[in-house]
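So you can see what is in the structure, the chains are spelled out below.
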Amino acid sequence: MALTERLEAIFQEVIKRNPGEAEFHQAVKEVLESLGPVLVKYPEFAEAKVIERICEPERQLIFRVPWQDDKGEVQINRGFRVQFNSALGPYKGGLRFHPSVYLGIIKFLGFEQIFKNSLTGLPIGGAKGGSDFEPKGKSDGEVMRFCQSFMTELWRIIGEHTDVPAGDIGVGGREIGYLFGQYKRLTNKFEAGVLTGKGLVYGGSQVRTEATGYGCTYFVEEMLKGKKNGFKGKKVVVSGSGNVAIYTLEKVKELGGKVVAMSDSNGVIVDEKGCNVETVKRLKEIERRRIKDYCEYHKHAKYIHNGNIWDVPCEVAMPSATQNEITGKDAKKLVKNGCIAVGEGANMPTTPEGVHVFLSAGVLFGPGKAANAGGVATSGLEMQQNASREAWGFEETDAKLHQIMKNVYQLCSEAAEEFGSPGNFVVGANIAGFIKVARAMIAHGIV
Ligand code: NDP
Ligand code: 2IT
């Protein structure tokens, strides 16, 4: 979609002010492309320069993270926290540890987080952080020392009412534990609500581990239901084999679908009988091994080194690894092979060309900021439990997550309809997420 003159000018300014941050530019452009009709209906948003303000993070911290490896050698990484928007509540969003991390990645994730968090209906603002640290191949001791050093800077700007980090790529239960331990030590406070994704024994919430994958599957189920369809008997491809992918696999299977392929950054496994949940969990969550090793336990499965997972035919695609993993070419291939629905478990996994291919072909397309909102939503539920010193049961928490995902779908669907793009959940998610934040920002005055 073309941008109106005003939105184009805003976008050009964003490029100028944030040179070299391609992923951030991409995420901003996608949102701005949806906002034309919003500015027509609400000229007060333009007048108060809400969009210009929303594109500028409220605060950005970049810091040195020195640590010592097992050989005693000093290592230096770079840490980030971008506190993007606090109109709806304390800054909230994950930490990513991956060698590809730089400011542009953290800003794209933080920007998307604003609208995603708004869609959950919970009182949380948007943020993201992380480091170019590579956790793969590191010992527990190295990861712990890194996390302690990272928190030794980060603790100054976070807090249960200020900014509440959680996990993302490379940051799971182990890392959150080390980060929490160091925060507690530095502040001399057991402030459970400062981080989410904690272990169940020290203030974590049931279902947080499962939440993003379960939530994404619930979202796709809603899209399919809208077409009088469902997961039953569907072939599904889930990229990645980390936290989001594993619990997508588990829930898809529960709903009667069959996940025939998964991956990691080295290759793809294809199991036409349906990927085995227990094997993937053991390999990835406990033993921290590669997806290729799946074939040791399931001899009929195939491993394709450096394969392209989107070549595997499926009816539902659930990209759950990383940004820009589905290109325009991949999307065409998926459509040709009979794909009818896409649920983005990852953040921005489809390139703009890919999104265009899916939408033009009438594929049901659940964009990340809606489809993967279940993770942060359950983080919001963890914050509620911490604030009231309660611990809800699994079923109760899962029911709340399920209801939130239905609401997110409804919000996207209604906004798409109201603003003239029925069935386009990209437009729906951007508009519904934006309007609430914009109203709060206007209420707060020029801040
Ligand atoms: P994990 O670290 O648990 O798993 C990431 C998976 O994706 C691994 O299989 C990894 O393979 C693969 N992957 C990561 N980067 C790349 C890359 N550059 N190229 C190919 N494969 C890659 O992370 P999560 O499952 O938590 O996150 C996956 C996605 O979901 C991310 O986009 C994240 O932002 C998003 N997300 C996560 C949420 C959460 O609650 N955890 C919530 C909402 C969204 P390898 O091991 O080889 O690196
Ligand atoms: O992208 C995301 O929404 C997350 N990584 C989860 C953030 C959170 O605060 O739970």
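In this text, all values refer to a predicted model and were calculated from it rather than measured experimentally.

1. Concerning the pairing of strand 6 (residues 235-238)
Bridge analysis of strand 6 against strand 7 (residues 258-264) gives 3 bridges, and the strand direction is parallel. Opposite K235, over in strand 7, you have K258 as the bridge partner. Following the backbone out of strand 6, through helix 10 (residues 243-254) and into the adjacent parallel strand 7, one traces a crossover that is right-handed. As defined by bridge partners, strand 6 adjoins strand 10 (residues 316-318) across 3 bridges and the pair is classed as parallel. Along strand 10, the bridge assignment pairs V236 with V316.

2. Topic: the site of ligand 2
Within the structure, ligand 2 sits among 14 residues, and K92, K116, D168, R208 and S379 are positioned closest to it. Here a nitrogen atom of ligand 2 sits 3.0 Å away from a polar atom, N or O, in the main chain of G167. Of all the secondary structure elements, the ones that give two or more residues to the shell around ligand 2 are strand 3 (91-97), helix 6 (103-119) and helix 16 (373-388). Broken down by class, the residue content of the shell around ligand 2 amounts to 2 nonpolar, 7 polar and 5 charged.

3. Some words on the site of ligand 1
Close to ligand 1 lie 25 residues; K136, D168, T212, S265 and R290 are nearest. In this structure, an oxygen atom belonging to ligand 1 sits 2.7 Å away from a side-chain N or O atom of T212. Starting from 880 Å² of accessible surface for ligand 1 in isolation, the protein chains cover 83%. Of all the secondary-structure elements, those providing two or more residues to the shell around ligand 1 are helix 10 and strand 7. When its residues are assigned to classes, the shell around ligand 1 shows 4 nonpolar, 14 polar and 7 charged.

So, how was this worked out
Counting starts from 1 at the beginning of each chain's written sequence and moves along it residue by residue. Each chain takes a letter, starting from A, and each ligand takes a number, starting from 1, following the order in which they are written. Residue-level local features of this predicted model are given only where pLDDT is at least 70; pairs of side-chain atoms are given and counted only at 80 or more, and the full residue set underlies all totals for whole chains, interfaces and linings. Think of the side-chain values as coming from all heavy atoms in the structure, minus any hydrogens and water. One bridge is not enough; two strands pair if DSSP finds at least two bridges between them. The secondary structure listing takes helices from DSSP runs of H or I that are at least 4 residues long and strands from runs of E that are at least 2 residues long, numbered from the N terminus. Every crossover in which the path from the first strand over the helix to the second runs clockwise, viewed with the strands pointing away from the viewer, is termed right-handed. The criterion for a residue being near a molecule or strand is simple. One of its heavy atoms has to lie within 4 Å of it. Whenever a nitrogen or oxygen atom comes within 3.5 Å of another N or O atom, the pair is scored as a polar contact, on the condition that within protein one atom can donate a hydrogen and the other can accept it, and that pairs from neighbouring residues in sequence are kept only if both atoms are in side chains. Side-chain classes follow a simple rule in which Ala, Val, Leu, Ile, Met, Phe, Trp, Tyr, Cys and Pro form the nonpolar group, Asp, Glu, Lys and Arg form the charged group, and the remainder, Gly included, forms the polar group. Residue-level accessible areas treat just the shown protein chains as cover; the underlying method is Shrake-Rupley with a 1.4 Å probe.

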